[in-house]
Structure formats: C-alpha cells, structure tokens
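Report on the structure
Spelled out, the chains give:
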Amino acid sequence: MRRIEEITEAVKKYSPGMDISMISRAYVFSARVHKDQLRSSGEPYLSHPLEVAYTLTKLRMDPVAITVGLLHDTLEDTYATEQEIEDLFGKEVLSLVEGLTKISQIQFASREEKESENFRKIILAMTKDIRVILVKLADRVHNIRTLEHVSRERQMRIAKETLDIYGPIANRLGIGWLKRDLEEYSFKFLLPDEYHTIEEKVANSWEERCHYVNNFTEIIEKELTKSEYHFTIKGRPKHYYSIYKKMKLQGISFEEVYDAIGIRIITDDIKNCYAILGVIHSLWKPIPGKIKDYIAMPKGNMYQSLHTTILGPLGRRVELQIRTEEMHRTCEGGIASHWKYKEGVGTEKDEEKFLWLRQLLEWHQELKDPREFLETVKVDLFPDEVYVFTPEGDVKRLPRGATPIDFAYSIHTDIGNHCVGAKINSRMVPLRYTLRDGESVEILTSSTQVPHRDWLALVKSSKAKAHIRAWLKLEQRKQSEFLGRELLQRELEKYKMKSPAVIKSKEFKQVLKDLGFGSIEKLMEAIGFGKLSLASVVTKIVPPELLEIKKEDAQKTKSHEKLKKKTPSEPNITVKGLNDILIRFSRCCNPIPGDNIVGFITRGRGVSIHDKECPNVDLSIDKDRMVSVDWDLGDKTFRKVDIIVNSENKVGLLASISNAIAACDANIAQANITTPEKGPAHINFSIDVVNLEHLKQVLKKIRAVQGVLSVHREKHKEEKSENSGDSQMKLKAVK
C-alpha cells in the first residue's frame, strides 16, 4: 500500500516550500472514516485514496486537489458530513468533493455509441473546476487497474464506461499516459480473448521487431549524418488497444498491422523535413497513395507533419512521420487535437476549448505554486448547451436555458403537447424552470392539457417551437372551419335554406370546384379565417330570385338612411394575394390613409388593419398571419381620427378651434372638454379627415389659433383582445 510520505515527498519535489499540512490532515481523516472498510481485493480501503492522491502528484497537482483525492469517497461511502469536511478543510475542498460525488452518482444506463460523446460532455459540463475531472480520472485509473477483483458483469460495465467516456476525456486533456492506461486496462477486461491474443503475438514478434527497427534506424542515421542534418529518431510502439482498433477498422490481421512500431524523425526546420523525406525515398520506394504532406496543407486542427509509408528492408512496410520540433510540441501540446482525427468526432469549437484546457495544465506544471493558478481555473465548457438525463439514463442535449417543455418535445411530440409539469431529481418544478447540467427530468402529462401560445416564450429549442406552432395552426384551422360553418348556416337561414341540405347538393360541389377548394373543410376554413367572403359563396348557391328579393329589401332600407356628405365610410384597401375579403380597421391604433399599415388575418373577421407601430400586433408570434396591405389613396372617403388639444381656459377659444377645423373642410364628429379650475383646458376631438395629409393641415391650423398650447393625434389605445377594437360589427362565434 502506498505511504503518505511518498505523496508528501513527491509534492515537495515539484513545489518546494508548499504548505502540505492539509494533505496530512486529510490522510488522518480519511484513515479514520474508512477504518474497517475493505476493497474487493481484500486490501484496506485506504489504499485506494492513497493511490489516487499519488497519481495526482504525477500530474503535479496542488495540495487542495491532493486533499480531495484523499477525501473523494468520504461523502458517498462513509458517515462523514458536508459540514464536517467544510469545517476541517474549507469550502473549496467541500465543493470539489461534492462535484466528484455528483459525477459518481450518474447512472450510465445507455450504452449506445451515439451517447458516448454526450456522456463525456455532461461530465465536463458539470465541472466548474478542472481539478474535479483530474481527480476523477486518477480515481478511475486505479479502479480499472484493480478490476480483476470484481464480478465479470461489473468488469464489463466499468470497462465499457471507461473506454467510452473517461479514456477520451483524458486524451482531450492531453494526458497521454493516463489515456493509454485507461484504454489498455479497459480493453483487457472488456475483450480478454482479443487482448491476450494481441499480447501474445506482440510478445512473440517483439524481439524480432525491435531488431528490425534498430537496423532500419541505423541505416537512416548513417545517411542523415552524412548530410549533417540535425535530427532525432524515435520509435513509436503501438499499444494493444490501438492495434486492435486498426485491425477492426481496416479489416486486417495482426500481421498486416505494419506500423505496430513506427518511426518518428524530428528535425530543426521545414526545409530539412522535405530533405529528409527525399533521403528516405532515395533509400526505399514509397507506397503510392501513402505520402501525406500535412506541412504544406495542415489539417483543420493545425496538425502538421510529413507522413510516408515505404517498402523497407526485407520488403516490409514501415510508417514514418517527419516534423520539426515546433510541430511536435504543437501536436503533443494539444493544438492538433490528436483525439479528433483518430476518433473521428468533435468540432472545431470543442477543439479550441480542449486546447485551452491542455494549456492550463502546462502552465500549471510550470508554476512554482500551482495553487496560485488553479484557484482561478473555473470553466464552463459548453455554454450553449445543457445536458440532462431521462429517467432511463439516456442523455438529452438541449439549448442552454431550455425548460421541461423543451425536454418533453425532445422525447415525443405527444408528450410535449400534453405536458403539465415536471420532476427534477424527483422534485416538482414549474414548466418555466430552467434545466441544469446533470439533472434527471421526468415529465408529467395529462390528456386534457394542450399547448398554449405563451409556451413559445418559454421554450428554446427549434423543435419545441415548431411543434407548438404546428399545433396552434391546426387548432386555428379547426376553429376557423367551425366558425365558417356557423357563418354560412346563419347566412343561408336568411334565405330560408338549410345548411346541411345545401352542402350535400350538386350545386355546392360545383361551387367548391369553381372556387378551387378540394374539400368542404377547406372552404369552411377559408370563410371562418376571413380569406373568403360569404358573399362570394352565397351568390353561387342561393337561387337568383331569392337574391333579388333580398337585394330589393336592402335597397329599401338604404333609401331611408341617406348618408351626409361628410359621413365617414371605409376607404378602399388592397390586400395582396386575397380578393373579396372582409376589411376592418382596428380602433387600438385607428389608422388613416397615409399611415404605414399592416394586415392581420383574424379568426372569422377578415383582415384587421393596424398601424405598423401598433403595440397590439405581435409580429414575432403571429408573423404567419400578417399580410401586406396598401391604401387606395385615390379614394377620398373620410376616416375618424382622435386629436387632443391643450389650450388656455378662456371664453371663445373652443369656437376658434372649431372654426379652424371647419376651415380645413373637416367635420367634428364628437368633442369632450375638460376645464379644471387651474391649468390648461383639455379638449378631445373626434374629427373626419380624408388622409394623413388632411390631418396635418388640420393640426397646423389649430396650432395657429391664439391660446392653443399643444395639439397632437391620439394614435394608440389599449385593446383587450386582438379584435375588440375593430370598427365594424363583430360576429359572435358559437362554441
């Protein structure tokens, strides 16, 4: 068993003068709480935290991290409490131990390959201090080395988890030796037959391979020395798992893995790289298609090197890499992200993040007092994404800021549509709750629940937004169809006709064909939505004689209601893409000809005309219901407009203002006067004008009246619903 003195002496070597008293105290505490506990091997449990702490000294970690290594299992496996650890070692140590405990409690239920990357990310995303990951890797490497003492089932689970998750994380952090240990031991326990087969073949051929490589390098060294190149030659023994992956990937036998030992030549400048390549090719023939120039054309991850495979002595293939010292440092330092092109996963964005982490480790190792730097190392690797678990243990990746509604739709559309609540780690939360990394989410549903428009403001994922909008549109079509049937039925009743009989008639089928509708439902929807006027349908299905009677009745009524010269009427509006459609002017903004306007298709009430700046038109949510509209400025009908005049409170001023309005050929429809005891008088006028220019003339004339302090148009009024302010009569839908 590792001794505490080995750990403290190792720390003193790479960081003389560092206070290691906390490490000693952590050892005493860990020994006390783990007393009488044994590992599966029969060793005292304390041997495990000691090994973890020693591994952390190989990473040149600070006393806080080594202390955490000694305490990492205390919260989960002993009677030690959070308060006790905080009191003895401080909040920082407690925070790191809690982070490790949280990771260890994750249940990796899903084993699908596609989930592996998500599991890695969720561990990293949960980690706000890189030391948590490093302690976890040290913990895992000791566990994987002693895996022979547990059941076969547990061996398989831990080995698979290590190979899928922790090995790639170590690789991404640039800790090659740790990554190799994790992979080799995982391979040994996961596929023992394949491991021992490769081990035996490597052992049988190792001496012969080494002899071959030595002879090969002697020839190269002799030739390169003649040219006085500065160089070093290194052999690259391939590890068992790396050999196995190559055999599986390329479908070849062990004997065909020609680069089980490769050659790397490192020189001082780029010109020498190409010169050395020329020397190699002058000695042995290169394999066609196996020459790769990553110096002239670096990989997207900044990796640079010359690769060539030649037919060496005895006709055997040998792979060589030629690079400068700077290129080698870049590659080994993590910029080339070796894991990326080997594993075939990752993104450039991830690459930059892991490169940064690798540099942090290097800087940390160069500092005399690593604690000074590591105290500031707080990371958020995936700021744009959140990773959460389903109750079954699968990972779901969602946009940062996502809510349970986003999660529900990521599972299934029906679950999203009927979502009424959620449990986060078995605790009830509202639908507006913001999900956090590592949480387990359970969705509660109800058959009576349906999506609401205000959900659109809660969700972050495009999938959830699309499904909510789709449901709202479908529901809107259903409502429009229902309203269309109701409107048609009421209109037909005026002619003593029954709607069910009319709809079944041959004449109605012809109407569908003439108007271009493929079904009755589509026609009713168009009527209810306001895209098609009732008149265009009724005139085609009501007998001419009935229409004539109705027309005569309407004319008689009209003759009794003579319109005055200046009585307002509705100006003409052109709606792009729609003909013969109901037009209504919204009272909330009361647009007049000349204003910038937009059309808003209402449910069953045609197109409502709004000023473009009207606050009651939510363009972000109802963009699909907006239509382009234009004024017919040649039409000289009148529109009501409200103006507010503030004036001195004196006799005769109202008459002067009224005369000014009349002088502009505008009519006063209504006036409301407020005259306080002190201060100016307030007059609200409702006047009839032709257009915006006409209104400007009126306002200018009023301003010229002596005693008028201010005058302005009252443009936007609060409106209770999307159609409550329409200037024409509204129809009540029957539910």
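Since the structure is predicted, the reported quantities are computational estimates derived from the model, not experimental observations.

Once that is clear, we can look at the overall build of the protein chain. Helix and strand counts for the protein chain stand at 28 helices and 20 strands. Here the protein chain holds 735 residues, and 49% of them are scored as buried. In the protein chain, of all internal contacts separated by at least 6 residues, the share reaching a separation of at least 24 is 69%. Accessible area for the protein chain stands at about 37700 Å²; split by element, carbon and sulfur atoms hold 50% of it.

So, about the sheet that holds strand β18 (residues 667-674). What links the strands of a sheet is backbone hydrogen bonding, and the strands pair in either a parallel or an antiparallel sense. Strand order in the open sheet formed by 4 strands is β18-β19-β17-β20, and the pairing between neighbours is antiparallel. The sheet is open, and its two edges are formed by β18 and β20 (708-713), each paired on a single side. Adjacent strand axes in the sheet meet at a mean angle of 20 degrees, parallel and antiparallel pairs treated alike. Across 7 bridges, β18 lies against strand β19 (residues 681-689) in antiparallel orientation. Its bridge partner lying in β19, Gln670 is registered against Ser686. Contacts between helix α28 (residues 692-703) and the sheet are confined to β17 (639-647), β19 and β20, with β20 contributing the most and set at about 170 degrees to the helix.

A few words on the sheet that holds strand β9 (residues 427-429). Pairing within the open sheet is antiparallel, and its 3 strands lie in the order β9-β8-β10. Strands with a single pairing partner mark the edges of an open sheet, and in this sheet they are β9 and β10 (441-445). Ignoring strand direction, the axes of neighbouring strands in this sheet form an average angle of 35 degrees. Pairing between strand β8 (residues 419-424) and β9: 3 bridges, direction antiparallel. Each residue of the ladder has a partner; that of Ile424, found in β9, is Arg427.

Moving on: helix α23 (residues 506-515). Listed in full, the buried residues belonging to α23 are Phe508, Val511 and Leu512. Projected onto a plane normal to the axis of α23, the buried residues spread over an arc of 100 degrees and lie on a single side. Within α23, the exposed residues directed more than 90 degrees away from the buried face are Lys506, Glu507, Lys509 and Lys513. Residues of α23 that are buried sit in contact with α21 (462-493), α22 (499-504), α24 (520-529) and α25 (534-541).

On to the nonpolar core, then. Ile66, Val93 and Ile198 are the most contacted members of the largest nonpolar core, which totals 68 residues. In terms of residues, this core owes the most to one element, helix α9 (residues 130-145), which gives 8 residues. Look past the residues within four positions of Ile198 in its chain and what remains in contact with it is Phe187, Tyr240, Ile243, Tyr244, Met247 and Phe254. Core analysis: the second largest hydrophobic core is formed by 24 residues, Leu398, Ile405, Ala422 and Val429 among them.

Looking at the secondary structure, you find Cys273 in helix α14 (residues 270-283). Sequence spacing of Cys273 and Phe231 is 42 residues, and the spatial spacing of their C-alpha atoms is 9.7 Å. Sequence-distant contacts of Cys273, that is, excluding residues within four places in its chain, are made with Thr267, Ile295, Leu306, Ile322, Arg323 and Thr324.

Further remarks concern α14. For α14, built from 14 residues, the straight-helix expectation of 20 Å at 1.5 Å per residue is met to within 8% by its first-to-last C-alpha distance of 21 Å. Buried within α14 are the following residues: Asn272, Cys273, Ile276, Leu277, Val279 and Ile280. Summarising the axial view, the buried residues of α14 lie within an arc of 160 degrees, below the 170-degree limit, and thus occupy one face. Structural note: α14 exposes Lys271 and Ser282 on the side pointing more than 90 degrees away from its buried face. Sitting at the amino-terminal end of α14 is Asp269, which places a side-chain oxygen 3.3 Å from the backbone nitrogen of Lys271.

Quick look at unusual backbone geometry now. One non-glycine residue, Ser426, adopts positive backbone phi at about 70 degrees. Within the element layout of this structure, Ser426 appears in the loop between β8 and β9. Its relative accessible area of 68% is what places Ser426 among the exposed residues. Look at Asn590: it is not a glycine, yet its phi comes out positive at around 45 degrees. Tracing the sequence through the fold places Asn590 in the loop between β12 (583-585) and β13 (597-601). When its relative accessible area of 14% is taken as the criterion, Asn590 is described as buried.

Rules of the game
Residues numbered from 1 in each chain as written. Predicted model: local features only at pLDDT ≥ 70, side-chain atom pairs only at ≥ 80, totals over all residues. Heavy atoms only, no water. Helix = DSSP H or I, 4+ residues; strand = E, 2+ residues; numbered from the N terminus. Buried < 20%, exposed > 50% of the residue type's maximum accessible area, 1.4 Å probe, protein only. Contact = heavy atoms within 4.5 Å. Areas by Shrake-Rupley, 256 points an atom, 1.4 Å probe, with all protein chains shown as cover. Pairing = 2+ DSSP bridges. Axes fitted to C-alpha atoms, helices over the stretch in contact; angles between N-to-C directions. Arc of directions from axis to C-beta. Core = buried A, V, L, I, M, F, W, Y, C linked by side-chain atoms within 4.5 Å. Expected span 1.5 Å × (residues − 1). Polar contact = N/O pair within 3.5 Å; in protein donor to acceptor, adjacent residues only side chain to side chain.

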